[in-house]
Amino acid sequence: MAVEWWRDAVIYQIYPRSFADSTGDGYGDLPGIVERLPYLRQLGVDAVWLSPFYLSPMADAGYDVADYLTVDPLFGDLADAQRLIERAHELDLRVIVDLVPNHTSDEHKWFRQALVSEPGSVERARYHFVDGRGEGGELPPNNWKSIFGGPAWTRIDDADGTGDRTQWYLHLFDVKQPDLNWDNEEVRQHFDDVLRFWLDLGVDGFRVDVAHSLVKADGLPDWDEEQAMLDGLVGPMWDQDGVHDVYRRWRKILDEYDGDRSLVAEAWVADPERLALYLRPDEMHTAFNFEFLDCRWDAAEYREIIASTMAADEAVGAPTTWVLNNHDVLRSVSRFGLTDPGSSHEGLGSEDEQPDNEAGLRRARAAALMMLGLPGSAYVYQGEELGLPEHTTLPDELRQDPTWFRSGFTRVGRDGCRIPMAWEAAEPALGFSPNGARWLPQPDAYAELAVDQQVGEDGSTWELYRSALALRKELALGRGTLEWVDVADDVVAFDNGPVRVLTNVLGSPVALPEGCEVLLSSTPIDDGMLPTDASVWLRTS
Ligand code: GLC
């Protein structure tokens, strides 16, 4: 039997508003993506994952969905989505779309209906509407906080001014992202329909947003500990056992379709064993390995995380995924360029430590070769293949991430990793749009990293990714098995089939074994020594 594609696929994340703008309004769109799909074929990835492009007031860049079955006019229309899927398939690229089931937009028709309905009504039952505490209900129902800052509850007349002040609604994220009530059968049924709609249109799978938060603990009890989502913490709002019923139900739907459709979980949970529960044979297929993304630049830590995540996944028969970047975290070049490399994934502003992007790029390239040498599936976030750094000096007045506003301007948020792509160095907006329009400006450093500066250039980061992807495919590394090799404390070393992968993490130079062939390296190797902060792929047999 052919191996299911999602077991070893390299999946490229497209952030639609920042990929390619075909209209000149400064926002990327679906036709822009279609035009650039051959670029992804050339790079050699197997699939794309698109962040949300559904109808949305864009309070959280589209993760606030007003209608799951409609494309937002900013990005195009449904025919564009269909064309994108067809064109991708012609190019032998699979398509994964984002599904945002934890919350809708407050502009979703359900929420609007709920606001003008009575407490206890079926309209309110689709969300978490709860009476306030205190004599006049003037205190929120519990002490939960929003991930973006401030309380996780809003008293309803704040939203619509009806004067009915008895109830509050829950929003783990922005005030414009009310949480759905997943104990409600109508909610479950609606998402069955949403899945079917996109599956019928031909998508190959879904990335499930905040997959660990749909079900909340009974009674919504207070929680005094930290609850920052991207740190994989516990609490009554995260990782409740009841959530697995939802994924069993979805798995049955996907299994009705041909072509190995798949589900990937975005779940920041406490440990690899909890994550693997989402990957049991009758649930999801894969999950983002955020332990790997969050690993400090430290060889022992990498060894530990690679081993423990693979062991947990193997126990349920699932492949492990590898990821260094996405639209929520500091880009790896800048993360690895911090004084304590990899210590934080929070966005940076002008007042923060400015990373050493040269050192960071060296490490990010080494990390990429380590990642792409591992068995399993891997993710590449747009611009990662160019070695783009974070925009760390974005003017505050341009920021759009709700984190910035809801944190009272104390956390700069994620705009710096969402900057428009750099295609052609000499074109306006670096080729992102036809007329130079762009929703956020690219930093100066992006010009020399643009695609047209790197394709075909020996030693460029783009060529490193392209070569690694080609070799990975040729040697079936994604389907291989890992065997640890003992080289030195500071070296992550393993064999995957015929390839030995070595990554020197902050160590002194190490001699390569005699008689082996260097297939690929993240920095030039000329004296038979692997320098610090570098990776190499060797052929050992
Ligand atoms: C996920 C998304 C993030 C979004 C949040 C709320 O973490 O990746 O961008 O803000 O969910 O939907």
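This one's a predicted model, so the numbers in the text were calculated from it and none came from an experiment.

Conventions we followed
- Residues numbered from 1 in each chain as written.
- Predicted model: local features only at pLDDT ≥ 70, side-chain atom pairs only at ≥ 80, totals over all residues.
- Heavy atoms only, no water.
- Helix = DSSP H or I, 4+ residues; strand = E, 2+ residues; numbered from the N terminus.
- Expected span 1.5 Å × (residues − 1).
- Buried < 20%, exposed > 50% of the residue type's maximum accessible area, 1.4 Å probe, protein only.
- 1 Å grid on protein atoms, 1.4 Å probe; cavity = no way out; pocket = protein on both sides within 12 Å on 5 of 7 lines; lining within 4 Å.
- Points joined across faces, edges and corners; volume = space filled by probe spheres on them.
- Nonpolar A, V, L, I, M, F, W, Y, C, P; charged D, E, K, R; others polar.
- Domains from an automatic or database assignment.
- Contact = heavy atoms within 4.5 Å.
- Buried area = accessible area lost by both parts, 1.4 Å probe.

Now for helix α14 (residues 461-474). The periodicity of an α-helix, 3.6 residues per turn, causes residues three or four places apart in sequence to face the same way. End to end, α14 covers 20 Å across 14 residues, agreeing with the expected 20 Å (1.5 Å per residue, within 8%). With respect to burial, α14 is a largely interior element, 10 of its 14 residues being buried. By the burial criterion, the buried members of α14 are Thr461, Trp462, Glu463, Leu464, Tyr465, Ser467, Ala468, Leu469, Leu471 and Arg472. In the segment just after α14, Ala476 is the residue with positive phi, at about 50 degrees.

Counted under the stated rule, the structure contains 3 cavities of 30 Å³ or more. In this model, the largest cavity occupies a volume close to 60 Å³. Surrounding the largest cavity, Asn325, Arg331, Ser332, Val333, Leu361, Ala364, Arg365, Glu384, Gly387, Leu388, Thr461 and Tyr465 form its lining. Among the secondary structure elements, those contributing two or more residues to the lining of the largest cavity are α10 (332-335), α11 (357-372) and α14. Of the residues forming the lining of the largest cavity, the biggest block, 3 residues, is contributed by α11. In the lining of the largest cavity, the residues fall into 5 nonpolar, 4 polar and 3 charged.

To continue, consider the domain arrangement of the protein. Domain boundaries assigned for the protein yield domain 1 (5-102 + 198-462), domain 2 (103-179) and domain 3 (481-539). Computed over C-alpha atoms only, the centres of domain 1 and domain 2 are separated by 29 Å. Counting residues at the interface gives 32 residues for domain 1 and 30 residues for domain 2. Summed over both partners, the interface of domain 1 with domain 2 comes to about 2,400 Å²; 54% of that surface belongs to carbon and sulfur atoms. The largest per-residue losses of area from domain 1 upon contact with domain 2 belong to Asn102, Leu220 and Arg406, which jointly make up 29% of the total buried on that side.

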